[in-house]
Amino acid sequence: MRATVLLLGVLLSVLSAAGMAANKTGQVEQRLYRYQSVDGAMAISATLTEAAIHAGYQVLDQHGRVLETVAPAPPEEQARRRRELARQEQAKAQARRDGELRRLYAGPGDAERARDRQLQALQLNIDYAENAIQQLNGKQDEEIRKAARAERAGRQVPDSVRDAIERYGRQARENREKIKEYQEDMARVKEEFTPIIQRLRELEAQ
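The notes below deal with the structure included here. Residue positions are given per chain, counted from 1 along the sequence in the order it is written. Predicted model: local features are reported for residues with pLDDT of at least 70 only, side-chain atom pairs are reported and counted for 80 or more only, and whole-chain, interface and lining totals are derived from all residues. The side-chain quantities take in all heavy atoms of the structure and omit both hydrogens and water.

1. Focus: the environment of Leu32
Think of it this way: any DSSP run of H or I at least four residues long counts as a helix, any run of E at least two long counts as a strand, and we number them from the N terminus. Of note, Leu32 is situated in strand β1 (residues 32–36). Buried means the residue's accessible area, taken with a 1.4 Å probe over protein chains only, is under 20% of the maximum for its type, while exposed means over 50%, and partly exposed covers the values in between. Taking relative accessible area as the criterion, Leu32 reaches 1% and is therefore assigned buried. C-alpha separation for the pair Leu32 and Arg65, spaced 33 residues apart in sequence, amounts to 9.7 Å.

As structure tokens, then:
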């Protein structure tokens, strides 16, 4: 709290010096405004924010003396203004997003083609993994048959055969996990592009 008071004192001194310099040049004496900022801190400046105008403020001279105290607007007016400011911020944010979409895509058809390219790439990965699984299953089956022949002949199954059976099975499982991830990626791509394409259609119709 003491640090805040000292900081305000320094600020008043700086602004006071600026105000006195203005007086010496024959300009009108500068007025300052003290108000509570949106984060709850006390602020002093030569201009007023819209939030301060509605929340109330004090008019100071360059020496920090209070010249006038302006009461806050009625609660209903403050609430209405907050809603209006929120609406304006939402509109600005939407305009920024729309501008970004227009920079990325020429229109909804362009976004659809970008989506389809990603889906096709993921589908190729799935096809490749499925083909690998088929090959691995075939190799594993062959090693299993070798193990069965050894057991029927009363011989011990070679370690190399056991290792191959385990390795081919593990690789097949890994590829099945990859397929699951690719399918999740496809669902994510579709989900991400759905609102993008919809918004581009709305913009195109405007």
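2. Looking at the packing of aromatic side chains
Think of it this way: a Phe, Tyr or Trp ring, Trp meaning its six-membered ring, pairs with another when their centres are within 6.5 Å, and the plane angle makes it stacked under 30 degrees, edge-to-face over 60, tilted otherwise. Taken as a whole, this structure holds 2 aromatic pairs when the rule is applied. For the ring pair Tyr33 and Tyr57, a centre distance of 5.9 Å and an interplane angle of 75 degrees mean the geometry is edge-to-face. Separated by 24 residues along the polypeptide, Tyr33 in strand β1 and Tyr57 in strand β3 (residues 57–60) bring together distant segments of the chain. Given a relative accessible area of 16%, Tyr57 falls into the buried group. Ring geometry for Tyr105 and Phe193: centres 6.1 Å apart, planes at 65 degrees, overall edge-to-face. Linking Tyr105 in the loop between α3 (75–104) and α4 (108–152) with Phe193 in helix α5 (residues 159–205), this pair joins segments that are 88 residues apart in sequence.

3. Thoughts on the pattern of salt bridges
Proximity of charged atoms lets side chains of opposite charge pair with each other. Think of a salt bridge as a Lys or Arg side-chain nitrogen and an Asp or Glu carboxyl oxygen that are within 4 Å of each other. Following the criterion strictly, the structure yields 15 salt bridges and no others. A salt bridge links Glu100 to Arg103; the nearest nitrogen and oxygen atoms lie 2.6 Å apart. Of this pair, Glu100 and Arg103 both sit in helix α3, 3 residues apart, roughly one helical turn. Here Glu100 falls in the partly exposed class, since its relative accessible area comes to 36%. Since its relative accessible area comes to 62%, Arg103 is described here as exposed.

4. So, the pairing of β1
Any two strands are treated as partners once DSSP identifies two or more bridges connecting them. The pairing of β1 with β3 spans 3 bridges and is classified as antiparallel. Along β3, the bridge assignment pairs Arg34 with Gln58. Sheet analysis places β1 next to strand β2 (residues 42–45), joined by 4 bridges and oriented antiparallel. Bridge pairing in β2 places Arg34 opposite Ile44. Counting the residues that bridge the hairpin from β1 to β2 gives 5 residues, and of these Gly40 lies at a positive phi of roughly 95 degrees.

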